[in-house]
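Observations on the three-dimensional arrangement
Read off the chains here:
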Amino acid sequence: MPEAKLVLQGVKKSFGENPVLCGIDLSIARGDMICLIGASGSGKSTLLRCINQLEPIDEGTILLDGQDISEPGIDLAPVRRRIGIVFQSYNLFPHMSALDNVVLAPRRVLHEASEALHARAAALFDRFGLAPHMAKYPDQLSGGQQQRVAVIRALAMQPEIMLFDEITAALDPELVGEVLNLLRQLRGEGMTMLLATHEMGFAREVADRVCFMDGGVIVEEGPPKEIFAAPKHVRTQAFLGAVLR
Ligand SMILES: Nc1ncnc2c1ncn2[C@@H]1O[C@H](COP(=O)(O)OP(=O)(O)O)[C@@H](O)[C@H]1O
Ligand SMILES: [Mg+2]
């Protein structure tokens, strides 16, 4: 059994009277890619935001390498550095080049010498085939290229885990593939990843495990072959029946 990188135990979260996470248990091994699937409103984004500590949880624990990162009063900055997150909207600063967007946060936070930081950022652009676009401004890039820059921006913080929230959902269909290819590459390089996605074909092909969320719980999880070919729970069957049609 590989060592668990991230463990969630009984995680609960409500917004006012609205329970959104109703007891989430999840264990992610180092180097695993886990796909979260489920209808809109099932709590996928909230789960990712809670893991990254963008939202405090009400109950339960979140362990990163065995350390409880959900304890009240814990210093959040180092936790957020270790857990990168990328959203559907890439929100690059329009008045900065792609490279400047990428070095902005690490310059402020990591206190790395400017030259070393630029070299490291340039190496990231190169590694993901974006070296020719480093000096361009966001409006000179396609949506797919901007989203890949947003992923590089998160990677520049040298996270140990990456969370992705529907990062291809806003892209034109012909641009989705290049972003999914980047995720494939990251997985190949051993990054631990948790992603909410509607790309069922991708989840089926690439995920180590798929978790189906409904009503704030993980209703069913397992290898994609099992989840997609023979879902056990009626709610999983209904969801997949609707989306795979
Ligand atoms: N900041 C918030 N304040 C109040 N309600 C929220 C907030 N964020 C999410 N919710 C609610 O939580 C539920 C789950 O939303 P979300 O986690 O975005 O689901 P998903 O990503 O699966 O579509 C929804 O009912 C949504 O309205
Ligand atoms: Mg969402």
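Bear in mind that the values here come from a model prediction, so they are computed numbers and not experimental data.

Observations regarding the sheet that holds strand S10 (residues 217–222)
With respect to topology, six strands assemble into an open sheet ordered S6-S7-S8-S3-S9-S10, the strand pairing being mixed. Of all the strands in the sheet, just strand S6 (83–86) and S10 have a single pairing partner and so form its edges. On average, adjacent strands in this sheet sit at an angle of 20° to one another, irrespective of strand direction. Where strand S7 (residues 161–165) and strand S8 (residues 192–196) come together, five bridges link them in parallel fashion. Counterpart to Phe-164 in the pairing with S8 is Leu-195. Contacting S6 and S7, helix H5 (residues 143–155) runs over the sheet at an angle of about 165° to S6.

Here we look at helix H4 (residues 114–127)
For H4, built from 14 residues, the straight-helix expectation of 20 Å at 1.5 Å per residue is met to within 8% by its first-to-last C-alpha distance of 20 Å. Along H4, the residues classified as buried are Leu-117, Arg-120, Ala-121, Leu-124 and Phe-125. Seen along its axis, H4 keeps its buried residues to an arc of 145°; they face one direction. Exposed and facing more than 90 degrees away from the buried side of H4 are Glu-115 and Asp-126. Those residues of H4 that are buried lie in contact with helix H3 (98–109) and H5. Following H4 by one or two positions, Gly-129 adopts a phi angle in the positive range, close to 70°.

Description of the site of ligand 1
In the vicinity of ligand 1, the contacting residues are Phe-15, Asn-18, Val-20, Ala-39, Ser-40, Gly-41, Ser-42, Gly-43, Lys-44, Ser-45 and Thr-46. Backbone polar atom of Gly-43 to an oxygen atom of ligand 1: 3.0 Å apart, as the coordinates give it. Here an oxygen atom of ligand 1 and a side-chain polar atom of Thr-46 are 2.5 Å apart. Among the secondary structure elements, those contributing two or more residues to the shell around ligand 1 are strand S2 (18–29) and helix H1 (44–51). The leading source of residues in the shell around ligand 1 is H1, at three residues.

What counts, and at which threshold
- Residues numbered from 1 in each chain as written.
- Chains lettered and ligands numbered in written order.
- Predicted model: local features only at pLDDT ≥ 70, side-chain atom pairs only at ≥ 80, totals over all residues.
- Heavy atoms only, no water.
- Pairing = 2+ DSSP bridges.
- Helix = DSSP H or I, 4+ residues; strand = E, 2+ residues; numbered from the N terminus.
- Axes fitted to C-alpha atoms, helices over the stretch in contact; angles between N-to-C directions.
- Contact = heavy atoms within 4.5 Å.
- Expected span 1.5 Å × (residues − 1).
- Buried < 20%, exposed > 50% of the residue type's maximum accessible area, 1.4 Å probe, protein only.
- Arc of directions from axis to C-beta.
- Near = heavy atom within 4 Å.
- Polar contact = N/O pair within 3.5 Å; in protein donor to acceptor, adjacent residues only side chain to side chain.

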